[in-house]
Amino acid sequence: MRPEPGQVLHFSEDPTITRFVPHVAKTAQQPEAYVWAVDHGRAPDYWFPRQCPRAMAWTAADTTAEDRDRIVGPGCGERVHAVEFGWLEAIRTAEVFAYRLPAAAFEPFGGPEPHAHVAVEPVVPLGPPEPVGDLFALHAEAGIQLRVLPNLWPFWDAVRASTLRFSGIRLRNALPR
């Protein structure tokens, strides 16, 4: 489930949204109101139930072979997503929907390597939401390793100290260190 050219995606467990209005998220680190979306490269970050804590890492041009083998694993692709065992049933049963939005309404957000796209005006989806389907199958089809751990923190600490690119979402919902 990725956007087509000229689109960005918004993932939600709510299939009834007809218009996205800028808002300040409860967890926002900035005071501006936005509509949030992601591009092709960051869509896999949202192939999870909304509240699921996940730690993700992927290789980049400056990733060392040592870090790639240590974190992702030799012969294991270029990207790994990690979740805790307690979230497996939620991932298996979640109904996640993708809303296709016009990319022209959005600007990249997040520094030199944007992690999202934001709009400051209301945005109407290009069509009805699409069921994302089996979240495990999406990972498999994309060649993304899905690692299941008793606790995310040791993995997250290793990723953050490596040369891989990374993203941690909803880590406040992870088990304590």
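Residues numbered from 1 in each chain as written. Predicted model: local features only at pLDDT ≥ 70, side-chain atom pairs only at ≥ 80, totals over all residues. Heavy atoms only, no water.

With that settled, consider helix H1 (residues 65-72). Restricting attention to buried positions, one finds in H1 the residues Asp67, Arg68, Ile71 and Val72. With its buried residues spanning 100° around the axis, H1 presents them on a single face. Across from the buried face of H1, at angles greater than 90 degrees, the exposed residues are Ala65 and Glu66. One or two residues past the end of H1 sits glycine 73, with phi positive at roughly 110°. (Buried < 20%, exposed > 50% of the residue type's maximum accessible area, 1.4 Å probe, protein only. Helix = DSSP H or I, 4+ residues; strand = E, 2+ residues; numbered from the N terminus. Arc of directions from axis to C-beta.)

A few words now on the nonpolar core. Counting residues in hydrophobic clusters, the biggest one holds 20 residues, and the most contacted among them are Met1, Phe11, Trp47, Val132 and Leu135. When contributions to this core are tallied by element, the ones reaching two or more residues are strand S1 (7-12), strand S3 (54-58) and helix H3 (135-142). Contact partners of valine 132, with chain neighbours within four places excluded, come to Met1, Phe11, Val96, Phe97, Ala98 and Leu138. One finds Ala55, Ala57, Val80 and Leu149 within the second-largest nonpolar core, a separate group that totals 15 residues. (Core = buried A, V, L, I, M, F, W, Y, C linked by side-chain atoms within 4.5 Å. Contact = heavy atoms within 4.5 Å.)

With that settled, the discussion passes to the pattern of salt bridges. Pairing between side chains becomes possible if they bear opposite charge and their charged atoms approach one another. In total, this model carries ten salt bridges according to the counting rule given. The residue arginine 70 makes a salt bridge to aspartate 67 at a minimum N-O spacing of 2.7 Å. Taken together, the residues span about one helical turn, with arginine 70 and aspartate 67 both in helix H1 at a distance of three residues. Residue aspartate 67 is classed as buried on the basis of its relative accessible area of 6%. Put simply, Arg42, Asp45 and Arg79 are held in one network by salt bridges that share partners. (Salt bridge = Lys/Arg side-chain N within 4 Å of Asp/Glu carboxyl O.)

Attention now goes to the sheet that holds strand S7 (residues 116-119). A sheet is described by the order of its strands in space; here three strands give the open sequence S2-S7-S6, paired in antiparallel fashion. Sheet topology places strand S2 (35-37) and strand S6 (107-109) at the edges, where each strand pairs with a single neighbour. Averaged over all pairs of adjacent strands, the angle between strand axes in this sheet comes to 40°, irrespective of strand direction. Inspection of the sheet shows S6 paired to S7 by three bridges, in the antiparallel sense. Note on S7: the bridge partner recorded for glutamate 107 is valine 118. (Pairing = 2+ DSSP bridges. Axes fitted to C-alpha atoms, helices over the stretch in contact; angles between N-to-C directions.)

It is worth spelling out the environment of threonine 163 at this point. As for its placement among the helices and strands, threonine 163 is situated in the loop between helix H4 (153-160) and strand S10 (165-169). Judged by its relative accessible area of 26%, threonine 163 is partly exposed. Beyond its immediate stretch of four places on either side in the chain, threonine 163 contacts Asp62, Thr63, Thr64 and Asp67.

Attention now moves to the packing of aromatic side chains. If you walk through the whole model with that rule in mind, you get six aromatic pairs. Aromatic pair phenylalanine 20 and tyrosine 99: ring centres 5.1 Å apart, planes at 80°, arrangement edge-to-face. Of this pair, phenylalanine 20 sits in the loop between S1 and S2 while tyrosine 99 sits in strand S5 (residues 97-102), and the two are 79 residues apart along the sequence. Aromatic pair tyrosine 34 and phenylalanine 109: ring centres 5.5 Å apart, planes at 65°, arrangement edge-to-face. A residue pair is termed long-range when its members are at least 10 positions apart, and tyrosine 34 in the loop between S1 and S2 and phenylalanine 109 in strand S6 qualify at 75 residues. (Phe/Tyr/Trp six-rings, centres within 6.5 Å; stacked < 30°, edge-to-face > 60°.)

By themselves these figures say nothing about function.
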